[in-house]
Amino acid sequence: MNGREAGPGPFARTAPGTAPGPPPVLEITDLRVTYEPGVRAVRGLDFSVGPGEVLGVVGESGSGKSAAALAAVGLLPPGARAEGSVRLRGRELLGRPDAELSRVRGKDLAMVFQDPLSALTPVHTVGDQIAETIRVHAGATRAAARARAVELLDLVGIPDAARRARAYPHEFSGGMRQRVMIAMAIANDPVAIIADEPTTALDVTIQAQVLEVLRVAKETTGAAIVLIAHDLGVVAGFADRVMVMYAGRAVESGPVGEVYARPRMPYTIGLLKSLPRVAGPRVRPVPVEGAPPPATAPDDGCAFAPRCPIAEPRCRDAVPPPVPVGPGHLAACVRADATEGRAEIFPVPVPPPAPRRPPRDERPVVLEVDGLVRHHPIYGGTFLKRRAGTVRAVDGIAFDVREGETLGVVGESGCGKTTALMEILRLAAPQEGAVTVFGQDTAALTAARRKALRRDLQVVFQDPFASLDPRMRVASILAEPLAAHGVPRARRRERVRELLDLVGLDPVYAGRYPHGLSGGQRQRVGIARALALEPRLLLLDEPVAALDVSVQAGIMNLLADLQTRLGLAYLLVAHDLAVVRQVADRVAVMYQGRLVELGAADALYAAPAHPYTRALLDAVPSPDPARERRRRVPPLPGDPPDPAAPPEGCRFRPRCPRYAALDGDRRRLCETTDPEPHRPARDADRRVACHHPGER
Amino acid sequence: MAGFLLRRLANYAVLVVLAASLAYLLAATALHPRANFEDRVPRPPDAVVDAELSRLNLNDEVPLTERYLTWGAGVLRGDFGRTWQGEPVTAELWRRTWVSLRLLLAGTVAGCALGVLLGAYAAVRQHRAPDRLITLGSYLLLSAPVFVLAVLLQSAAQKVNDVTGVQVFEWLGETGPGASEGTFGALGGLGDRVRHLLLPTATIALAQLALYCRYQRSMMLDVLTADFVRTARAKGLRHRSAVLRHGLRTALIPMTTYFAYTFGLLLLGGVFVEKIFGWHGLGEWLIDSITRGDVHVVAAVNCFAAVAVLLAGLVSDVLHGTLDPRVRTGDAP
């Protein structure tokens, strides 16, 4: 397009040190994407993928990975410009007229988008949408295309494909919709598939299923796959090579085994270190402080230098070129020598000394939940509204939280974990059961007592972008709870300063608005606001789910430190088992409104007794390619069931691998009796709601 | 779907009863048919006037509740009472309904369709010359009341007729005298009717078009950047097909609700248009009856309008259900 018909760029597949393989299917050279003048999302990107090869592209939000993908398929929004070269089987795609590109898109080069809810047209059946892909390119008859669509749906594992082809997207679960997207992508046997965060919005169990379907798709079509993800765990087991992006450039690339074992660019090292893990010893994640530069930043030196612990003045002289650091392994770092042997380049934060606490049994109970029920009625009927059913969001759960400890509640989306948290936060009489906060039954509270109790019980929400009022300065946000509880004005200012210091924010942030803060800083403000009234119990609703991986670690460490220093108790709701493991002392696993397992975190992660807990742990991808490849546990089948119609007997039975392996007699118990949580023989601290706990 | 519609119909029945009753009560309290008799020369004796008014159920000496009940009983039998001159209202109502229908139908359909298309086109060409032009035009139309529009169109038509020297446009009444007796017989009569329809239809269509155009444009803008249009493009659809098959199809759904809302405005516009173009439809009848104090006609036309607005609501529900599969399945118990 711009006369730079250059050969393979420095990050191309045939990097120095590797034998040249078959010619690449998709080859991107010096790709640059500019949105408005000055907003440069991609700043010179090179990569290539060979037939049947999987390239994992990893980067945090704003690193330019999606912009690069859209540029490759020629679907950048109007106003955006792409320069450089994108070649598919040797043919240049950039700069070709849209009519020609349309013949390539969906046929030779297919794409799978992130959010399958919004990526499918709501008003056409999924069968028609897949058939359309075939008809646009192959000119098949309507009937033939429909028949092929059903075959494809069957291939991606949609049960009863012929009937489901006539259903609309909203009648599918998130995981099933993503299968439809994959079916659409492979409809015309593409030579390359770009999958842009295909599993990001999904539960771990569903994520494992979708990756499995993507594997099937790869094996069926033999296509080259570019798998874009925001964390290194997802691509570890699936990609052959990995490329890490930062601020619009590739900063490191190479074979997965090599990059994960011997990362050389400090950013990659930071990403790997900040990732919490479910296996191995429990180590404190190491945060990468700071935030990525904005897309308008000029190109002066290494973009990571401001966050890099080993940056030198020369890092800021020029953008570092990629240099070979191993077989097929390139790193764009002038200090690659310093990272050889993987020295601990990031300062490991030292946790404050843990205070001596009495054993758990002797500490006071701050929160006790017993038989908590929250049912939502569903209404239906033709002439008169009548109750058509009940969503059993929370269906009788019991646990307690003691002073200074963290209880993590985990489960798939829709299992009722957030509902349970909101029920506790209401501080009102539950539909059934009892909630006791600091020894006071919430059903018996007067309005005044309830308000007083709210001081001791605060909440931190998931989305720091939505939970802070955009029109209030940080100081006002932090002072608001103080004002609501009658703290004098003079004391408020002082307290705001204390709070900012407590959560590690500079006092200058007091005068800023939320939009002037990064995601991690906003969540720190959210935590500071929760701490304003010196509560004793914090309810944390997915506190790091909306944050980038490198920032998550900082927030988790902050929560851990605050707990040690202030003696707080946490009730932490999260879907990420690795995150929960970092901070939780005890873990409760929820499934369909019930607690299926509860116990001390270390014991539970080491030896899960309930088959659902085991399946959840197995589904968490770990940033360890060798381990990921070795273990090929089939992912948990099926979707989380309809909470309005729980199955007879044990609710987990339809998806339970243990039930599937049982013989007739022992199955009957699962089919007829809903298991109550009980104490297994070996572990006095554990509760398991399973008839056959602990077996593999 | 059937169950959903039945439920809606039941709701609507209640609303129609309410609207009709309120219209009658308002008309019966505000209008004075007695004045028509008192103005007569020679003035008839009070006893005769009373007797005549009582016969017509228009006597203001009779308590309002009693008159209302008499009227209501009649309406339930399908009888809207009589005009103050003693003619049955119901027959005239039907006759004039067809006149109004002939006038409004073409204008509504043309206004909706053109408005949606122009709005969608403007959205696709956002910030470019066609969009600016369409936006300017629709704002001009929106700011011109129907009667101003009608008069402007009439003078423009006069100009065209003067310049060409042929009666291209006609704008008085439904037909010209003796049109079907010409050389073309009945066909000539039809042609004449169409010629008379042109200007009033254009007036109604233009007023509708502007509203739909603005609304459709914003709906369309939302959809153009939607992920599913991008998916359609990634499948290999050209921009135009992706926008039409996936974008416009989805952006039409909210328009169905809008249709119900604008229908009342349409009826009001129809009143002006009938009056200005000399059509003897319901609108003209309503205005004339209000000046004459003709309680039963006013109540009947209002009742009809209520039914029409609610039927428009029903049509929009059906359209919504047809266009949006999410509503259809949501209805299943």
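Note that this is a predicted model, so its numbers are computed, not measured. (Residues numbered from 1 in each chain as written. Chains lettered and ligands numbered in written order. Predicted model: local features only at pLDDT ≥ 70, side-chain atom pairs only at ≥ 80, totals over all residues.)

1. Side note on the interface of chain A and chain B
A common way to report how large an interface is uses the accessible area buried once the components associate. Stated precisely, the cut-off is as follows: Residues are scored as being in contact if the C-beta atoms we place from backbone atoms lie within 7 Å. Each residue is assigned to one of three groups, with Ala, Val, Leu, Ile, Met, Phe, Trp, Tyr, Cys and Pro labelled nonpolar, Asp, Glu, Lys and Arg labelled charged, and all others, Gly among them, labelled polar.
Counting from both sides, the interface comprises 31 residues of chain A and, opposite them, 26 residues of chain B. Grouping the amino acids of the side of chain A that touches chain B by side-chain chemistry returns 14 nonpolar, 10 polar and seven charged.

2. A short note on the confidence of the model for chain A
Residue and element names in this part refer to chain A. Under the convention used in this document: By definition, pLDDT measures how confident the predictor is in each residue, and it falls between 0 and 100.
Across chain A, the average pLDDT comes to 88, with 95% of residues at 70 or higher. Note that residues 1–9 has pLDDT below 50 and, in this model, 17 contacts with residues that lie over four places away or in other chains. For residues 12–19, every residue scores under 50 in pLDDT, and the model assigns this stretch 21 contacts once sequence neighbours within four places are set aside.

3. What about the packing of helix 8 (residues 186–224) of chain B against helix 11 (residues 253–277) of chain B?
Two numbers describe a pair of packed helices, the interaxial angle and the distance between the axes. Residues and elements named next belong to chain B. The condition that has to hold: Fitting a line to C-alpha atoms yields each axis, with helices limited to the stretch in contact; the angle taken between N-to-C directions then spans 0 to 180 degrees. Numbering goes from the N terminus for both helices and strands, where a helix is a DSSP run of H or I of at least four residues and a strand is a run of E of at least two. If an angle is under 35 degrees, it is roughly parallel; if it is over 145, roughly antiparallel; if it lies from 65 to 115, roughly perpendicular; otherwise it is oblique. With the far helix as reference, a near helix turned anticlockwise by less than a right angle produces a left-handed crossing, and one turned clockwise produces a right-handed crossing.
Two elements in contact, helix 8 and helix 11, have axes whose closest approach is 10 Å; the angle formed by their N-to-C orientations is 155°. The pairing of helix 8 with helix 11 is recorded here as roughly antiparallel in orientation. When you trace helix 8 past helix 11, the crossing you get is right-handed. On helix 11, the residues touching Leu 199, Pro 200, Thr 203, Ile 204, Ala 207, Gln 208, Leu 211, Tyr 215, Gln 216 and Met 219 of helix 8 are Pro 254, Met 255, Tyr 258, Thr 262, Leu 266, Gly 269, Gly 270, Val 273 and Phe 277. Partitioned by chemical class, the residues of the contact of helix 8 with helix 11 number 13 nonpolar, six polar and no charged.

4. A look at helix 16 (residues 519–531) of chain A
The periodicity of an α-helix, 3.6 residues per turn, causes residues three or four places apart in sequence to face the same way. The condition is simple: The span one expects for a helix is its residue count, reduced by one, times 1.5 Å. For every residue, the other C-beta atoms within 10 Å of its own C-beta are counted; 20 or more classify it as buried, 12 or fewer as exposed, and values in between as partly exposed. C-beta atoms are placed from the backbone.
Taking 1.5 Å per residue as the helical rise, helix 16 of chain A with its 13 residues ought to reach 18 Å, and the 19 Å between its terminal C-alpha atoms agrees with that figure. Helix 16 of chain A sits mainly inside the fold: 13 of its 13 residues count as buried.

5. Notes on the sheet that holds strand 20 (residues 569–573) of chain A
Residues and elements named next belong to chain A. The condition is simple: Any two strands are treated as partners once DSSP identifies two or more bridges connecting them.
Read across the sheet, seven strands follow the order 18-19-20-15-21-22-23 without closing on themselves; strand pairing throughout is mixed. The open sheet has two free edges, formed respectively by strand 18 (457–460) and strand 23 (687–688), since each of these has just one partner strand. Where strand 21 (residues 586–591) meets strand 22 (residues 594–600), six bridges bridge the pair, whose relative direction is antiparallel. The residue of strand 22 that forms the bridge with Tyr 591 is Arg 594. Helix 16 rests against strand 18 and strand 19 (537–541) of the sheet, and its axis sits at about 170° to strand 18.

6. Overview of helix 14 (residues 474–484) of chain A
Residues and elements named next belong to chain A. For helix 14, every residue scored as buried is listed here: Val 474, Ile 477, Leu 478, Ala 479, Pro 481 and Leu 482. Buried residues in helix 14 make contact with helix 15 (489–502) and helix 16. Following helix 14 by one or two positions, Gly 486 adopts a phi angle in the positive range, close to 75°.

7. Observations regarding the sheet that holds strand 5 (residues 91–92) of chain A
All names here are of chain A. Strand order in the open sheet made by the four strands is 2-1-4-5, with antiparallel pairing throughout. Since the sheet does not close on itself, it has two edges, and those belong to strand 2 (40–49) and strand 5, each with one partner. Bridge count between strand 1 (residues 26–34) and strand 4 (residues 81–88): seven bridges; the pairing is antiparallel. If you follow Thr 29 over to strand 4, its bridge partner there is Ser 85. Across the face of the sheet, helix 1 (residues 65–73) comes into contact with strand 1, strand 2 and strand 4 while running at roughly 115° to strand 1.

8. Let's talk about the pairing of strand 4 of chain A
Across a regular strand the side chains alternate sides, sitting on one face of the sheet and then on the other. Residue and element names in this part refer to chain A. Counting buried residues along strand 4, six of its eight residues qualify, which places the element largely inside the surrounding structure. Of the pairings in the sheet, the one linking strand 4 to strand 5 comprises two bridges and is antiparallel in character. Residue pairing for strand 5: Leu 88 is matched across the bridge by Arg 91. Hairpin connection of strand 4 to strand 5: two residues between the antiparallel strands, including Arg 89 at a positive phi of 45°.

9. Describing the environment of Leu 558 of chain A
All names here are of chain A. Tracing the sequence through the fold places Leu 558 in helix 17 (residues 549–566). Residue classification places Leu 558 among the buried residues on the basis of 21 C-beta atoms within 10 Å. Setting aside residues no more than four positions away along its own chain, Leu 558 makes contact with Val 503, Gly 504, Arg 524 and Ile 527.

10. Considering the pairing of strand 8 (residues 224–229) of chain A
All names here are of chain A. Inclusion rule: Handedness of a crossover: with both strands directed away from the viewer, a clockwise path from the first strand across the helix to the second marks it as right-handed.
Of all six residues in strand 8, six are buried, a share of seventy percent or more. With burial as the criterion, each face of strand 8 is covered, one bearing Ala 224, Val 226 and Ile 228 and the other bearing Ile 225, Leu 227 and Ala 229. Of the pairings in the sheet, the one linking strand 7 (residues 192–196) to strand 8 comprises five bridges and is parallel in character. Following the sheet pairing, Asp 196 is matched in strand 8 by Ile 228. What joins strand 7 to strand 8 is helix 7 (residues 204–221), and the crossover it makes is right-handed.

11. Looking at the domain arrangement of chain A
All names here are of chain A. Here is the rule we go by: Note: domain ranges come from an automatic or database domain assignment.
Assigned domains within chain A: domain 1 (1–108 + 190–277), domain 2 (114–187), domain 3 (360–598) and domain 4 (605–688). The C-alpha centroid of domain 4 is placed 36 Å from the C-alpha centroid of domain 1. Facing the 17 residues of domain 1 at the interface are 14 residues of domain 4. Ranked by residue count, the leading element in the side of domain 1 that touches domain 4 is helix 7, at six residues. Its residues assigned to classes, the side of domain 1 that touches domain 4 comprises nine nonpolar, six polar and two charged.

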